[in-house]
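# Remarks on the overall topology
What follows is the residue order along each chain.
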Amino acid sequence: INHIVHNGGLYKRPFNEDFEETPMLVAVLTYVGYGVLTLFGYLRDFMRQWKIEKCQNATEREEQKDFVPLYQDFENFYNRNLYMRIRDSWNRPICSVPGAKVDMMERISHDYNWTFTYTGRVIKDIINMGSYNYLGFAQKAGTCQEAAAKVLSQYGAGVCSTRQEMGNLDKHEELEKLVARFLGVESAMAYGMGFATNSMNIPALVGKGCLILSDELNHASLVLGARLSGATIRIFKHNNMQSLEKLLKDAIVHGQPRTRRPWKKILILVEGIYSMEGSIVRLPEVIALKKKYKSYLYLDEAHSIGALGPTGRGVVEYFGLSPEDVDVMMGTFTKSFGAAGGYIGGKKELIDYLRTYSHSAVYATSLSPPVVEQIITSMKCIMGEDGTTVGKARVQQLAENTRYFRRRLKEMGFIIYGNEDSPVVPLMLYMPAKIGAFGREMLKRNIGVVVVGFPATPIIESRARFCLSAAHTKEMLDTALKEISEVGDLLQLKYSRHRLVPLLDRPFDETTYEETED
């Protein structure tokens, strides 16, 4: 575990993150596995070319053979020959609320996952370890559902217009005032899609002559927004403050390429919780650098809002910092609030500017009224404005579930990435054959998990990603842990050389290690 000792004055709480190095033998075997799959992929392509094997993938027509190829890049080769073999691990059709348990439609394939057929059977009560339902607000009964149903009967399902035309409802105004109050900022604006909140607003904030400093593991929406902006983009190593500071120094000393003029703006892009690594941004250090070099900070709290901090206010509250230190606070309603859409919060001047110049604000249809009511009701519950302590209890329950689940997995000997307080829990699989095997074996045991591989992760760092929820009971977690341990033994996934020692009398937040044999 990497325990922060430098810059100790910036941190008001322990900050523990774990990224155990990949064992050398595992890394070598993973590369060998991908090499074998690639060789067989080329052999299969050769057989398809000569009509020995039926070709089911997208290809150019015969009369287009002299055109620039549309489908013959490496990613298409990967999809055709590697991804297709384990495609049944993704896009599984759910037919219930994505709560702590889900129902799933059974499907089978007779042609090695090129096509699927539904059997008509529904697999009931699968423990859901994959949805971003952090606070358990994805539910079909309760105050949120009742409020949304009431608004549906009053306003209908759709708005059929943009905010600037006939789509600005009183509910939208109420939501934005509530979001601003929740975040502790002057003003806020809501958008209908979380991905577009990033990809369409970053181009409105920066452009040619500006510099974007982006974490290497930022989400695709941030990457797309940065590319669409036309600004110069430079990448710093994940959560590495030395790398970020070097880029800031170079930007100020050298200015723009060729002209050496100062950059119009320097914008730092970071996330609160990184959704594939389970790590938390080193926000106190980022803010210190931002102030030192007079740059701007764009914080994406998609996974951290509601899930971190004593009252669910996200990573800013988690570190005990002021929202005023973050220039642009972005987040989504799709996870902790069980709804859809996103928001941007900050100074009133910023939000007024975005209302006029943001493509998402000007051209996109407004949020659906029942969705808005779901967000308002769940947010008021978190804030305690519904007259109960249910929201605070959910935030505390999520924190307890997170620490318990992470600690137990480490005791079993799995390599687990990320921060000890992050509800995103990556369990490292590494080898390509184990991606599909893990997902299938867990589903056989009625546990729904998300498995992730290239291109969403580096090619040798395939993983299973668990998302904890306040709706998970201890019995559910214990059942899941028992099955995970069993599958871990079956597939030989317990790679860790720093196994936690379970001690019954150990305080909950302390860890003890023993070195085990490699």
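These figures come from a predicted structure and were not determined experimentally. (Residues numbered from 1 in each chain as written. Predicted model: local features only at pLDDT ≥ 70, side-chain atom pairs only at ≥ 80, totals over all residues. Heavy atoms only, no water.)

### Focus: the overall build of the chain
For clarity, the threshold we go by: Strands are runs of DSSP state E lasting at least two residues, helices are runs of H or I lasting at least four, and both sets are numbered from the N terminus onward. The atom set for the radius of gyration is the C-alpha atoms, and the globule formula is 2.2 Å times the number of residues raised to the power 0.38. In this scheme, a residue with accessible area under 20% of its type's maximum is buried, one over 50% is exposed, and one in between is partly exposed, where area comes from a 1.4 Å probe on protein chains only.
The number of helices and strands found in the chain is 16 helices and 18 strands. In summary, the chain has a C-alpha radius of gyration of 24 Å against a globular reference of 24 Å for 518 residues, a match within 12%. Taken along the three principal axes of its C-alpha coordinates, the chain extends 65 × 65 × 55 Å. Per-residue burial for the chain yields a buried fraction of 53% across its 518 residues.

### Notes on the sheet that holds strand S16 (residues 462–467)
Applicable threshold: Here the rule is simple: two strands pair whenever DSSP picks up at least two bridges between them. All axes are obtained by fitting lines to C-alpha atoms, using only the stretch in contact for helices, and the reported angles, taken between N-to-C directions, cover 0 to 180 degrees.
Here we have 3 strands laid out as an open sheet, ordered S13-S16-S15, and antiparallel in their pairing. Only two strands of the sheet have a single partner each, and these edge strands are strand S13 (424–430) and strand S15 (450–452). Pairwise comparison of adjacent strand axes, ignoring direction, gives a mean angle of 25 degrees for this sheet. In terms of strand pairing, S13 meets S16 through 6 bridges, oriented antiparallel. Counted as the bridge partner of Val 425 is Phe 466 from S16.

### Some words on the packing of aromatic side chains
The cut-off we apply is this: Only Phe, Tyr and Trp rings are paired, with Trp represented by its six-membered ring, and only when their centres lie within 6.5 Å; those with planes under 30 degrees apart are stacked, over 60 edge-to-face, the remainder tilted. For a ring to carry a charge above it, either NZ of a lysine or CZ of an arginine must fall within 6 Å of the ring centroid while also lying within 35 degrees of the normal to the ring plane.
The full count for this structure, using the stated rule, is 17 aromatic pairs. Taking the centre distance of 5.3 Å and the plane angle of 65 degrees together, the rings of Tyr 430 and Tyr 495 count as edge-to-face. Of this pair, Tyr 430 sits in strand S13 while Tyr 495 sits in the loop between helix H16 (474–491) and strand S17 (498–500), and the two are 65 residues apart along the sequence. The same class applies to Tyr 430 as to Tyr 495, namely buried. Aromatic ring contacts, followed pair by pair, group Tyr 11, Phe 15, Tyr 318 and Phe 319 into a single cluster. Its end group placed over the ring of Phe 137, Arg 394 keeps NZ or CZ at 4.4 Å from the ring centre.

### Observations concerning the nonpolar core
A general tendency of soluble globular proteins is for nonpolar side chains to be buried together. Spelled out, the test is: Put simply, a nonpolar core is a bunch of buried Ala, Val, Leu, Ile, Met, Phe, Trp, Tyr and Cys residues held in one set by side-chain atoms that sit within 4.5 Å of each other. Residue ranges labeled as domains rest on an automatic or database domain assignment.
Core analysis: the biggest nonpolar cluster contains 104 residues, and Met 129, Phe 405, Leu 409, Phe 438 and Phe 466 have the highest contact counts within it. Mapped onto the domain boundaries, this core takes at least three residues apiece from domain 1 (20–128 + 389–498) and domain 2 (143–383). The next biggest cluster of nonpolar side chains, apart from the first, holds 21 residues, and it includes Tyr 191, Leu 205, Leu 267 and Val 328.

### Here we look at the domain arrangement of the chain
Using the following cut-off: Here, two residues are considered to be in contact whenever any of their heavy atoms come within 4.5 Å of each other. By definition, a salt bridge exists where a carboxyl oxygen of Asp or Glu is found within 4 Å of a side-chain nitrogen of Lys or Arg. Polar contacts, as counted here, are pairs of nitrogen or oxygen atoms within 3.5 Å of one another; within protein the pair requires one atom able to donate a hydrogen and one able to accept it, and residues that are adjacent in sequence qualify only if both atoms are side-chain atoms. Here the term charged refers only to Asp, Glu, Lys and Arg, the term nonpolar to Ala, Val, Leu, Ile, Met, Phe, Trp, Tyr, Cys and Pro, and the term polar to all other amino acids, Gly among them.
According to the domain assignment, the chain consists of domain 1 (20–128 + 389–498) and domain 2 (143–383). Here domain 1 and domain 2 have C-alpha centroids that lie 29 Å from each other. Taken together, the contacts link 19 residues of domain 1 with 18 residues of domain 2. At the boundary of domain 1 with domain 2, the tally comes to 1 salt bridge. In this structure, Arg 463 engages Glu 277 in a salt bridge whose closest nitrogen and oxygen atoms are separated by 2.9 Å. Our enumeration of links across domain 1 and domain 2 arrives at 8 residue pairs in polar contact (both at pLDDT 80 or more). For the side of domain 1 that touches domain 2, the secondary-structure elements that each account for two or more residues are helix H14 (390–412), strand S12 (418–419), S13 and S16. In terms of residue count, H14 provides more of the side of domain 1 that touches domain 2 than any other element does, 6 residues in total. Classifying every residue of the side of domain 1 that touches domain 2 gives 9 nonpolar, 5 polar and 5 charged.

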